[in-house]
Amino acid sequence: MSEGSEHYQSFLEQGIEKLHHNHSEDDIKSMLSSLLEQTQKTTELTQAFQCQINEAHTEISSLRNELQSVQKEMTIDQLTQISNRRGFDTQLQQEVDKRNAGNAEPLTLIVTDIDHFKRFNDQYGHVMGDKILQSFAKILQHICTESGFCARYGGEEFVVILPNCDLQQATAVAEKIRVATERMEIKQRNQPDAIDQLTTSLGIALYQAQESATSFIDRADTYLYGAKQSGRNRTVVEPSTE
């Protein structure tokens, strides 16, 4: 396109130079005809180039959308359709970075898993085990849609990030999850009765200034372990320092 523009400019300069000299009417008509013809060709080249630019923009936009779609898929747990460990790690690090940059709002983390999940898996089979995980994920989504970010951390363990929530508020969220899990009824195919009652244990930690994301997770996991050791189906919360 650049070469075409230079050629057209050169053609115009030559035409103007010729018009400065005395020419017959036929010569002038011929030069004007050539000028119009060259102008038409240049216009067509410009339009063709613009079409190429538009096509390139469309292709770039399409590739960008595909990349965003792939990146999103990489952070979604295929079984439960909530965020996976990768998505959780990214989200938690963003929240930690905000606090380390001066955001004074509280940040709490819930670590939870389904009590005796292996027993359910062994008793009812892996298909039913998957259904249990999917149902539990839906509970988390329903309860945490507005207040937090939930993810499957691995196996039967899940996590909930609660920005701008203190320990008291996080405990209220955790108890909603625990009670909803108790009330959840899951039936086997072609079976009239629900499987045994499901329960969950939960541990809650409050982010401490300049703490690493790994340390934050480990502390919440410690409180989950405390809930398990205390009999399961309960929430153990980090002691408040206030």
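Thresholds applied
Residues numbered from 1 in each chain as written. Predicted model: local features only at pLDDT ≥ 70, side-chain atom pairs only at ≥ 80, totals over all residues. Heavy atoms only, no water. Helix = DSSP H or I, 4+ residues; strand = E, 2+ residues; numbered from the N terminus. Buried < 20%, exposed > 50% of the residue type's maximum accessible area, 1.4 Å probe, protein only. Contact = heavy atoms within 4.5 Å. Areas by Shrake-Rupley, 256 points an atom, 1.4 Å probe, with all protein chains shown as cover. Axes fitted to C-alpha atoms, helices over the stretch in contact; angles between N-to-C directions. Left-handed = near helix turned anticlockwise from the far one by under 90°. Nonpolar A, V, L, I, M, F, W, Y, C, P; charged D, E, K, R; others polar. Phe/Tyr/Trp six-rings, centres within 6.5 Å; stacked < 30°, edge-to-face > 60°. Lys NZ or Arg CZ within 6 Å of the ring centre and 35° of its normal. Pairing = 2+ DSSP bridges. Expected span 1.5 Å × (residues − 1). Arc of directions from axis to C-beta. Polar contact = N/O pair within 3.5 Å; in protein donor to acceptor, adjacent residues only side chain to side chain.

Participant: So what's going on with the overall build of the protein? Which residues, and what values?
Facilitator: Broken down by element type, the protein carries 7 helices and 5 strands. For the protein, the succession of helices and strands along the chain, N to C, is α-α-α-β-α-α-β-β-α-β-α-β. Among the 242 residues that make up the protein, the fraction classed as buried is 33%. Look at the contacts in the protein between residues 6 or more apart in sequence, and 68% of them connect residues 24 or more apart. Carbon and sulfur atoms make up 48% of the accessible area of the protein, which amounts to about 15,100 Å² in all.

Participant: How would you explain the packing of helix α5 (residues 126-144) against helix α6 (residues 167-183) if you had to name every residue and give the values?
Facilitator: Interaxial distance between α5 and α6 falls to 10 Å at its minimum, and their mutual angle equals 145 degrees. Note that α5 runs across α6; the crossing there is right-handed. In contact with Phe136, Ile139, Leu140, Ile143 and Cys144 of α5, α6 contributes Val173, Lys176, Ile177, Ala180 and Thr181. Taken together, the residues of the contact of α5 with α6 break down into 8 nonpolar, 1 polar and 1 charged.

Participant: Summarise the packing of aromatic side chains; cite the residues concerned and give the values.
Facilitator: In total, this model carries 4 aromatic pairs according to the counting rule given. With 5.5 Å between their ring centres and 85 degrees between their planes, Phe88 and Tyr153 make a pair best called edge-to-face. Placement of the pair is Phe88 in helix α3 (residues 85-100) and Tyr153 in strand β2 (residues 149-154), with a sequence separation of 65 residues. As far as burial versus exposure is concerned, Phe88 and Tyr153 are alike and both buried. When the ring of Phe136 is compared with that of Phe158, the centres are 5.1 Å apart and the planes differ by 70 degrees; the resulting orientation is edge-to-face. Residue Phe136 is located in helix α5, and its partner Phe158 is located in strand β3 (residues 157-163); the two are separated by 22 residues in the primary sequence. Judged by relative accessible area, which is 0%, Phe136 ranks as buried. Lying over the aromatic face of Phe120, Arg119 brings its terminal NZ or CZ to 5.5 Å of the ring centre.

Participant: Could you give me a rundown of the pairing of strand β1 (residues 107-114), with the residues and numbers involved?
Facilitator: The buried count for β1 comes to 8 of 8 residues, which makes it a mostly enclosed element. Two elements, β1 and β3, share 7 bridges in a ladder whose sense is antiparallel. Bridging across to β3, Thr108 finds its partner in Leu162.

Participant: Tell me about α6, residues and numbers included.
Facilitator: Its 17 residues give α6 an end-to-end C-alpha distance of 24 Å, which sits within 8% of 24 Å, the value for a rise of 1.5 Å per residue. Listing the buried residues of α6 in full gives Leu167, Ala170, Val173, Ala174, Ile177, Arg178 and Thr181. Take α6 and look down its axis: the buried residues cluster within an arc of 135 degrees, on one side only. For α6, the exposed residues lying more than 90 degrees away from the buried face are Gln168, Lys176 and Arg183. Among the structural elements, β1, α5, β3, β4 (200-206) and β5 (235-237) are those in contact with the buried residues of α6. Near the N-terminus of α6, the side chain that reaches the backbone nitrogen of Gln168, with its oxygen 3.2 Å away, is that of Asp166.

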